[in-house]
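# Commentary on secondary and tertiary structure
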Amino acid sequence: MGESIAVEVRSVTKRFPGPGSRPGSEVVAVDNVTLQILDGEFFSLLGPSGCGKTTTLRMIAGFEHPTSGEIYIHGKPMGLTPPYQRNTNMVFQNYALFPHMTVARNVAFGLEMRKVPKEEIERRVQEALAMVRLDGFGSRRPNQLSGGQQQRIALARALVNRPEVLLLDEPLGALDLKLRKEMQLELKTLQREVGITFIYVTHDQEEALTMSDRIAVMHQGRILQVGTPTEIYERPSCRFVADFIGETNFLEGTVQEQEESRVTVLVDGLLPVIAETDHRLPRGARVSVAVRPEKIRLVPEPVPGEHNTFEGRVEQVVYVGTATLFRVRLSPNVSLAIREQNIISTPDSRAYSWGVGGQVHVAWLYDAGRVLTD
Amino acid sequence: MISEQVARKTSLWELLRRRPGLQALVLLLPSLFWLIVFFAFPLLIVLVYSFLRRGPYGQIVWDFNLENYGRFLDPLYLKIFLRSFKIATLTTVFCFLFGYPMAYWMATRPRRWRNALLLLLMIPFWTNFLVRTYAWILILRDTGLINNVLMSVGLIRQPLPLFGNDFAIIVGLVYGWFPDMVLPCYAAIERLDFSLVEAAQDLYANELRAFARIIFPLSLPGVIAGSILVFIPSLGAYVTPDLLGGAKSVMIGNIIQNQFLTVRDYPFGSAISFALMTLMLIAALVYFRVGGRTL
C-alpha cells in the first residue's frame, strides 16, 4: 500500500430534489462526508441501502456532482469533470455490458474511445480476458455467458484501461452465495496483483470484512466509522456499527466507575459488567455494553480473573452446523446470545447438561466488551 | 343431469388440453376465416386477373398472357414507379429525421409525463385523414396560408410553388405517417437500459459517441420497424398524391386507381398491384436483412 492519497472526498454533501419536487423537500443523500483513500488500497463503503454509499461512489465516478464540497483524485479537484474525462472506471451492479457487441468489443470499448492503436488494443484485450480467466470467450455475446462470467467481463472491461481508481458498485450482488464467495477471494487476489485502488460499495458486512483493507461504515448519509476490518468488528464506535457488522449483545446500564480505559457498568441494576472504552465517562451515565456472541463461553463454574462471569439459565439451543447458538437468561430483563463452535462432533454429556432449562455459568474477558455511549 | 353436463364440459376441455393442434385451430378459426375470405381469396382473383386481357368494353377476356407485366417497361410507367420510390424514401427519411429526436425526447421524460405526451402525439390523428389532408391544401396552395402571409409581409412577390408537386406530397405523407415512425422509436428508446449509456461514458465516450455507439444501435429495431411502417403505405399512397400532387405528380397508387375506375383495365391494374406488393416485400426483406446485420 502506497503512502499517497488516491481519492479524497472533502466535506461532500449531496442533496436530491425530494419526491414531490416541491422547493424545500430535499433528500440529503450524502451528508458532509470526508474520506481519504490511499493508493493501492481496497476500500469498502459499507452500509444498508439508502445510506449514501452508491451516491458517494457515483460522485467519484462523475455521474453525480456534489452539492457542496470537493472530490480530489490524486490531488486534482474534480469539480464538474464528466465521467469520460476521469481516469476512473466503474463495475456496475448489473454489469451494464453492451448487449449488441461481442465480449472482445465490450472490453475494447474504453481503449477504442481513447484511440489506442489497434494492435495494442488487441493485445491488451487478450491480456485482460486472460486475467479474468476468460480467454477464448472474445467472440461471444454477453447474453451467452453466465452471471459470474459476465461479472468477470465487466471487471476486464474496466481494468483493461488501467484506471487510477476502480469503482465497484455491489458487483457481486446478483451472484449466488457460493459463486459470490469464490469471486470475493478472486477479486481480492486480482486487486493485489494489479495494485489498483479499489473502492467497493456493498451492503454485505461479511463481504466487506473479507476483502477490504479499510472499511467506511455509512448510515443516513454520514460516515460512522472508518477502520480496518478488525477495528470495525472488534472496536465498533457506536451502536449502529456494532449492530450492523455481525451480531452483538447490548447490555444497557449505568457507569459505576472508570479506571483508565476500563469501565464498570451496572447492568439492569444488579450485574456489574467490566468493559473497555476510549472515552472519559461520568459516573451514572447511561451506556450500553456490546459483546459478540462468540466471545462468551458457557462454563460449569465461575471463571476467575479478568472475566465477567455470571450464572444463568439456558432458554434456547439452536444447532446450526458449524456452531450451536444458545440464549441464556441472566436476569428477568437481561439475556445473552452465545455462539459456541461445535468442536465435538457427537452430542455428549457436556452438551446434554447445557440443554434448555439447564443452569450454567457464562464468562467473557473484560476486553471483549465495548462501552457504547449512544 | 347436472353432473352429466359437467362431465361433458370437462371432457371438451380435456380434449382441447390434450390436443394442442385442435386448441390452436379453435383459437385461430375466426381470424383464419376472415383472412381467407377477405384477403387470400381476393388476392388470388387479382393474381389471376393480372395474367388476363381487357376486352373492348372493359370486360375480362380469359386469354392467359404476360403482356400486362411487360407494360411496366414503358418509360411512362417506369418513371412513375421511380418517382413513387423516391417520394416514399424521402418521406421515410424525413419522418426519421423529425420523429427520432422527438421519440428520444419523449422517452427520456419522467415516467408520469410519458403517457400524456403520447396522447398529445395521437390526438391530431383522431381527426379524419381526408379532412387533415384537405387542411394541407389550404396551407400550401398559391392562395394558401403560407403564401398569403409571405406575400403580405412582402418577403415574396410570386407565390412559392408549394402545392401540386412532389414537395406537397412529401409534406402530406410525412405528416400522415409521422406517429408510425415515432411510436416504434419511442418504444425502443424507452426500453433502453440507460446504465449502458453511463457505462459508455465511464469508458471515455462523450455524449455524442455514447449516442452513436450505444443508444442508436440499440434503438435500431424501432427505427427499422418505423421505417417499414412509413415506407410501405407511402409507396402505395393514393389519397395524398391525388389531393396534394396535382396532374404531374402521379404515384403508383393513382395509376392503380385509374386503371380500375377510369380506364376499366382490371388486368393491368391487377398486374401493377401485384408488382407493387412484390416490390414492397423485397424492400422490407432487404431492410430487415441490412438492419439485422448491424445489430
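Residues numbered from 1 in each chain as written. Chains lettered and ligands numbered in written order. Predicted model: local features only at pLDDT ≥ 70, side-chain atom pairs only at ≥ 80, totals over all residues.

### Things to note about the overall build of chain B
Check the secondary structure of chain B and you find 13 helices and two strands. Taking 19 Å as the expected radius of gyration for a compact globule of 295 residues, we find that chain B reaches 25 Å, considerably beyond that expectation. With the C-alpha coordinates of chain B rotated into their principal frame, the extents come out at 90 × 75 × 40 Å. In chain B, which comprises 295 residues, the proportion classed as buried is 29%. Here the contacts in chain B between residues at least 6 apart in sequence split such that 68% fall between residues at least 24 apart. (Helix = DSSP H or I, 4+ residues; strand = E, 2+ residues; numbered from the N terminus. Rg over C-alpha atoms; globule rule 2.2 N^0.38 Å. Buried ≥ 20, exposed ≤ 12 C-beta atoms within 10 Å, placed from the backbone. Contact = placed C-beta atoms within 7 Å.)

### Describing the overall build of chain A
What chain A contains, in helices and strands, is nine helices and 20 strands. Its C-alpha atoms give chain A principal-axis dimensions of about 75 × 55 × 45 Å. The burial tally for chain A puts 40% of its 374 residues in the buried class.

### Focus on the interface of chain A and chain B
Taken together, the 16 residues of chain A in the interface contact 15 residues of chain B. Of all the elements, helix 2 (residues 103-113) of chain A adds the most residues to the side of chain A that touches chain B, at three residues. Here the side of chain A that touches chain B is built from residues that sort into 11 nonpolar, four polar and one charged. (Nonpolar A, V, L, I, M, F, W, Y, C, P; charged D, E, K, R; others polar.)

### Some points on unusual backbone geometry
When glycine is set aside, most residues are seen to have a negative phi, and most peptide bonds are trans. Residues and elements named next belong to chain A. Unusually for a residue other than glycine, His 74 sits at a positive phi of about 45°. Within the secondary structure layout, His 74 lies in the loop between strand 4 (68-73) and strand 5 (76-77). For Asp 268, which is not a glycine, the phi torsion comes out positive at approximately 55°. The residue Asp 268 is located in the loop between strand 12 (262-267) and strand 13 (271-276) in this model.

### Here we look at the domain arrangement of chain A
All names here are of chain A. By the assigned domains, chain A splits into domain 1 (5-243) and domain 2 (247-372). The interface is formed by six residues belonging to domain 1 together with six residues belonging to domain 2. Across the side of domain 1 that touches domain 2, the residue classes break down as three nonpolar, no polar and three charged. (Domains from an automatic or database assignment.)

### Here we look at the pairing of strand 10 (residues 222-227) of chain A
Here strand 9 (residues 214-219) of chain A runs beside strand 10 of chain A; their pairing, made up of five bridges, is antiparallel. Note on strand 10 of chain A: the bridge partner recorded for A:Met218 is A:Ile223. (Pairing = 2+ DSSP bridges.)

### Examining the sheet that holds strand 1 (residues 5-17) of chain A
All names here are of chain A. What the four strands build is an open sheet, ordered 2-1-4-5; its pairing is antiparallel. Since the sheet does not close on itself, it has two edges, and those belong to strand 2 (26-38) and strand 5, each with one partner. Its contacts with the sheet put helix 1 (residues 53-61) on strand 1, strand 2 and strand 4, and the angle it makes with strand 1 is roughly 115°. (Axes fitted to C-alpha atoms, helices over the stretch in contact; angles between N-to-C directions.)

### Observations regarding the nonpolar core
Here is a general trend for soluble globular proteins: nonpolar side chains tend to be buried in one another's company. Residue and element names in this part refer to chain A. If you look at the biggest cluster of nonpolar residues, it comprises 109 residues, and the most contacted ones within it are Val 107, Ala 156, Leu 166, Leu 167, Ile 199, Val 217 and Val 289. Of the residues that make up this core, three or more belong to each of domain 1 (5-243) and domain 2 (247-372). With sequence-adjacent residues up to four places away left out, Val 289 is seen in contact with Leu 251, Gly 253, Val 265, Val 267, Val 273, Ala 275, Gly 369 and Val 371. (Core = buried A, V, L, I, M, F, W, Y, C linked by C-beta atoms within 7 Å.)

### Some remarks on the environment of A:Pro293
Residues and elements named next belong to chain A. Residue placement: Pro 293 occurs in the loop between strand 14 (286-291) and strand 15 (297-299). For Pro 293, a count of 19 C-beta atoms within 10 Å translates into the label partly exposed. Considered as a pair, Pro 293 and His 74 are 219 residues apart in the sequence and their alpha carbons are 42 Å apart. In contact with Pro 293, not counting residues within four places along its chain, are Glu 247, Asn 249, Ala 337, Ile 338 and Arg 339.

### Some points on the confidence of the model for chain B
Put simply, chain B has an average pLDDT of 89, and 95% of its residues get 70 or more. Overall fold confidence for the complex sits at a pTM of 0.82, while the interface term, ipTM, reaches 0.84. (pLDDT = per-residue confidence, 0-100.)

### Let's talk about the sheet that holds strand 16 (residues 307-319) of chain A
All names here are of chain A. Taking strand neighbours across the sheet as the criterion, the five strands line up as 15-19-16-17-18 in an open arrangement whose pairing is antiparallel. Where the open sheet ends on each side, the last strands, each with one partner, are strand 15 and strand 18 (334-341). The average angle at which neighbouring strand axes cross in this sheet is 45°, direction not considered. Where strand 16 lies against strand 19 (residues 359-365), seven bridges are found, and the strand directions are antiparallel.

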